[in-house]
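Coordinate analysis (summary)
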Amino acid sequence: MVILELVIVFAAIFLGARLGGVGIGFAGGLGVLALALAGVKPGTIPFDVISIVMAVIAAISAMQVAGGMDYLVLQTEKLLRRNPKHITLLAPIVTYFLTVLAGTGNISLSALPVIAEVSKEQGIKPSRPLSTAVVAAQIAITASPISAAVVYMSSVMEGHGISYLHLLMVLMPSTLCAIVLTSLIISLFFDSKLHDDPVYQKRFKEGLISLRGNKMLEVKPRAKASVGIFLLGVLSVVAYAVISSPGMGLITTPIMTTNSAILIIMLSVATIITLMCKVDTDLILSSGTFKAGMSACLCILGVAWLGDTFVQANLGWIKETAGGLIQSHPWLLAVIFFFSSALLYSQAATAKALMPLALALSVSPLTAVAAFPAVSGLFILPTYPTLVAAVQMDDTGSTRIGRLVFNHPFFIPGTLAIVLSVIFSFALGSIIL
């Protein structure tokens, strides 16, 4: 039965990957149906994770319609154009902080065209900064105070003596240092000269390369105010999570959980932006961020439900077969997270499906926290939206998918950044936790 259930799970995941986009969520639901028909009780639906994504996306979408995204892109472009030769280092730092503040990597989509444009102007292969920028946005999810993955991780680790604040104190510096070091390595040891790329030379001769020049974006009058309101909301979430944490002891009986606080604050932020910035709510529903966010919710619904159904049905067998191995080789937990995330298509879904299993195998809280950044292996298969967008936005052809599928420019920077993130998290976690 275990073999049959595994076949069903992998068949659903591969079908979803083939369908692409929201299809991964559809196929996950089909997988749960197949498992149910095989006699397996459906697992827990991850409504808490989905609701957080919905609330955060609602606030970001309101900010986007108000012009806030354009304002952030404009500031990003000014920064990169002031330091164009260092774009391979600066681009991932920019997308990292954008994602940390927004709680979703979709916000980095707006910065990718700017990164590609400035790279071309400097004669730098856009694939270098684009690859590290996409990877940075994915890993930043595991360090964002309002991401569904971090909030879920915090709720799990509170019972093991690790507070929300301690979790961020480990993950934020560890992942940021890993991104910076990865960018330096890519910049120093990989050929970044655009004129050396034969595909670029061919496309240039055919007149397929275009430059936008120094023309800047025009932003709406209330764009800056929308960004300020959103950032205030993020700070409010962090403040509440800190003061209500049992580890801090500031509030003995908080009136609501951190999850509820995020929902209330983010929906309030969306309301305030809509009122103060005079946003047309119909435009919010048709915005790119809203569509991408709702697609992510469906993916998490199907895939995380599928994963939880299989794990809960086979928890005893998994403990017997993998428990001793993971306890003797704790680094294997990060490897499992890494490859599973490529199939589960979401950091939150991977954490929701596998973190309870990891803790059930009696791994130490430090190991669980240190391995957490490895749930960001979404770049392994070149199908994730930000990765696909980066390929499409680079008209030089330097950011391309190889014939072997896995030989794409995101694989090496991504793997290196995750390995460094896990190592740094182990080192810093052993001091803080």
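These numbers were taken from a predicted model, which means no experiment stands behind them. (Residues numbered from 1 in each chain as written. Predicted model: local features only at pLDDT ≥ 70, side-chain atom pairs only at ≥ 80, totals over all residues. Heavy atoms only, no water.)

1. Notes on the overall build of the protein
Note the threshold: Here a strand is any run of E in DSSP of at least two residues, a helix any run of H or I of at least four, and the numbering for each starts at the N terminus. We compute the radius of gyration over the C-alpha atoms and compare it with the globule rule, which gives 2.2 Å times the number of residues raised to the power 0.38. Think of it in three bands: residues with accessible area under 20% of the maximum for their type are buried, residues over 50% are exposed, and the middle band is partly exposed, with areas taken using a 1.4 Å probe on protein chains only. Note on contacts: a residue pair qualifies if any of its non-hydrogen atoms lie within 4.5 Å across the two residues. Each accessible area is a Shrake-Rupley estimate made with a 1.4 Å probe; only the visible protein chains count as cover when residues are assessed. Counted as positive: Lys and Arg. Counted as negative: Asp and Glu. His and the chain ends are not counted at all. Note on charges: their place is set at NZ of Lys, CZ of Arg, CG of Asp or CD of Glu.
Secondary structure assignment for the protein yields 20 helices and zero strands. The C-alpha atoms of the protein give 21 Å as radius of gyration, which agrees with the globular expectation for 433 residues (22 Å, within 12%). Every one of the 433 residues in the protein was classed for burial, and the buried ones make up 54%. Residue pairs at least 24 apart in sequence account for 82% of intrachain contacts in the protein once pairs closer than 6 positions are excluded. By element, 68% of the accessible surface of the protein is carried by carbon and sulfur atoms, the whole surface being about 18,200 Å². Between the mean site of the 24 positive side-chain charges and the mean site of the 18 negative ones, the protein shows a separation of 5 Å.

2. Points about the environment of Gly23
Residue placement: Gly23 occurs in helix α2 (residues 23-37). Linking Gly23 and Ile13, residues ten residues apart in sequence, is a C-alpha distance of 9.7 Å.

3. Topic: the pattern of salt bridges
Filter applied, for reference: The term salt bridge refers to a side-chain nitrogen of Lys or Arg lying within 4 Å of a carboxyl oxygen of Asp or Glu.
Taken as a whole and assessed by the stated rule, the structure comprises five salt bridges. With its nearest N and O atoms 3.3 Å apart, the salt bridge here joins Lys352 to Asp48. Placement of the pair is Lys352 in helix α17 (residues 347-360) and Asp48 in helix α3 (residues 47-65), with a sequence separation of 304 residues. Accessibility expressed as a relative area gives 14% for Lys352, which makes it buried.

4. Remarks on the packing of helix α7 (residues 127-140) against helix α20 (residues 411-432)
Packed helix pairs are specified by the crossing angle of their axes together with the interaxial distance, meaning the distance between the axes. Counted only if it meets this: Axis definition: a line fit to C-alpha positions, over the contact stretch in the case of helices; interaxial angles, taken between N-to-C directions, run 0 to 180 degrees. Note on terminology: angles under 35 degrees are roughly parallel, angles over 145 are roughly antiparallel, angles of 65 to 115 are roughly perpendicular, and the others are oblique. Left-handed is the label given to a crossing in which the near helix is rotated counterclockwise from the far helix by less than a right angle, and right-handed is the label when the rotation is clockwise.
For the pair α7 and α20, interaxial distance at closest approach is 9 Å and the crossing angle is 40°. As far as their axial angle goes, α20 and α7 are oblique. Between α7 and α20 lies a crossing whose hand is right-handed. Residues Ser131, Thr132, Val135 and Ile139 of α7 form the contact with α20, whose participating residues are Pro413, Gly414, Ala417, Ile418 and Ser421.

5. Topic: helix α5 (residues 87-102)
An α-helical turn contains 3.6 residues, so a residue and the one three or four places further along point in the same direction. What counts is decided by this rule: Residue count minus one, scaled by 1.5 Å, sets the expected span of a helix.
The end-to-end C-alpha distance of α5, which contains 16 residues, comes to 22 Å, matching closely the 22 Å that a straight helix rising 1.5 Å per residue would cover. Burial analysis of α5 places twelve of its 16 residues in the buried class, which makes it a mostly covered element. All of the buried residues along α5 are Ile87, Thr88, Leu90, Ala91, Pro92, Val94, Thr95, Tyr96, Leu98, Thr99, Val100 and Ala102. Of the surrounding secondary structure, the elements contacted by the buried residues of α5 are α3, α4 (68-82), α6 (112-121), α7, α9 (164-189) and α11 (223-244).

6. With respect to the packing of aromatic side chains
To describe a pair of aromatic rings, you give the distance between the ring centres and the angle between the ring planes. As a reminder, the rule being used: Aromatic pairing here means that ring centres of Phe, Tyr or Trp (its six-membered ring) are within 6.5 Å. Orientation follows from the plane angle: under 30 degrees is stacked, over 60 is edge-to-face, and everything else is tilted.
Tallied over the entire structure, the rule returns four aromatic pairs. Pairing Tyr96 with Phe97 gives two aromatic rings, centres 5.4 Å apart and planes at 90°, and the pair type is edge-to-face. Within the aromatic cluster, the residues linked to one another by ring pairs are Phe338, Phe339 and Phe379.

7. Regarding unusual backbone geometry
At Lys278, a position not held by glycine, the phi torsion is positive, near 55°. Note on Lys278: relative accessible area 64%, which makes it exposed.

8. Details of a nonpolar patch on the surface
Stated precisely, the cut-off is as follows: Exposure above 30% relative accessible area and the absence of a salt bridge qualify a residue for a patch, where like charges join within 9 Å and nonpolar side chains (Val, Leu, Ile, Met, Phe, Trp, Tyr) within 5 Å.
Taken together, the side chains of Leu15, Leu19, Leu30, Leu33 and Leu37 present a nonpolar region at the surface, about 510 Å² in accessible area. Breaking the nonpolar patch down by element, the ones donating at least two residues are α1 (2-19) and α2. As for its placement among the helices and strands, Leu15 is situated in helix α1.

9. Description of the side chain of Thr182
Tracing the sequence through the fold places Thr182 in helix α9. Leave out the neighbours within four places in its chain, and Thr182 touches Pro413, Leu416, Ala417 and Leu420.

10. Remarks on the confidence of the model for the protein
In low-pLDDT regions, the fine details of the predicted coordinates are not to be read closely. Let me state the cut-off plainly: For every residue, the predictor states its confidence as a pLDDT score lying anywhere from 0 to 100.
With 96% of its residues at a pLDDT of at least 70, the protein reaches an overall mean of 86. For the protein, helix α15 (residues 315-328) is the element with the lowest average pLDDT, namely 74, and α20 is the one with the highest, namely 95.

11. Topic: the environment of Ser260
Topologically, Ser260 is positioned in helix α12 (residues 258-276). The spatial distance from the C-alpha of Ser260 to the C-alpha of Ile52 is 8.6 Å, given a sequence separation of 208 residues.

12. Topic: the environment of Ile418
Note that Ile418 resides in helix α20. Ile418 gets classed as buried once you look at its relative accessible area, which sits at 4%. Taking the C-alpha atoms as reference points, Ile418 and Pro126, separated by 292 residues in sequence, lie 22 Å from one another. Filtering out sequence-adjacent residues up to four positions away, Ile418 remains in contact with Ile139, Phe338, Pro373, Ala374, Ser376, Gly377 and Phe379.

13. Some details on the nonpolar core
To be explicit about the condition: In plain words, nonpolar cores are sets of buried Ala, Val, Leu, Ile, Met, Phe, Trp, Tyr and Cys residues tied together by side-chain atoms within 4.5 Å.
Membership of the largest hydrophobic core comes to 132 residues, with the highest contact counts inside it found for Met63, Phe230, Met266, Ile273, Phe337, Met355 and Phe372. In terms of residues, this core owes the most to one element, α3, which gives twelve residues. Apart from the residues lying within four places of it in its own chain, the contact partners of Ile273 are Ala59, Ala62, Met63, Ala66, Ser226, Ile229, Phe230, Lys278 and Val279.

14. Some words on helix α19 (residues 385-393)
How we decide: Starting at the helix axis, one direction is taken to each C-beta atom, and the arc is that of these directions.
All of the buried residues in α19 are Thr386, Leu387, Ala389 and Ala390. Down the axis of α19, the smallest arc covering the buried residues is 160°, so these residues share one side. Next to the buried residues of α19 lie α6 and α7.

15. Focus on the packing of helix α14 (residues 288-313) against α17
The line we're drawing: Lys, Arg, Asp and Glu make up the charged group, whereas Ala, Val, Leu, Ile, Met, Phe, Trp, Tyr, Cys and Pro make up the nonpolar group; the residues left over, Gly among them, are polar.
Two elements in contact, α14 and α17, have axes separated by 8 Å at closest approach and are oriented at 15°. By the angle class used here, α14 and α17 are roughly parallel. For the crossing formed where α14 meets α17, the hand is right-handed. Along its contact with α14, which presents Ile300, Ala304, Gly307, Asp308 and Val311, the element α17 presents Ala348, Ala349, Ala353 and Leu357. Among the residues making up the contact of α14 with α17, the classes are represented as seven nonpolar, one polar and one charged.

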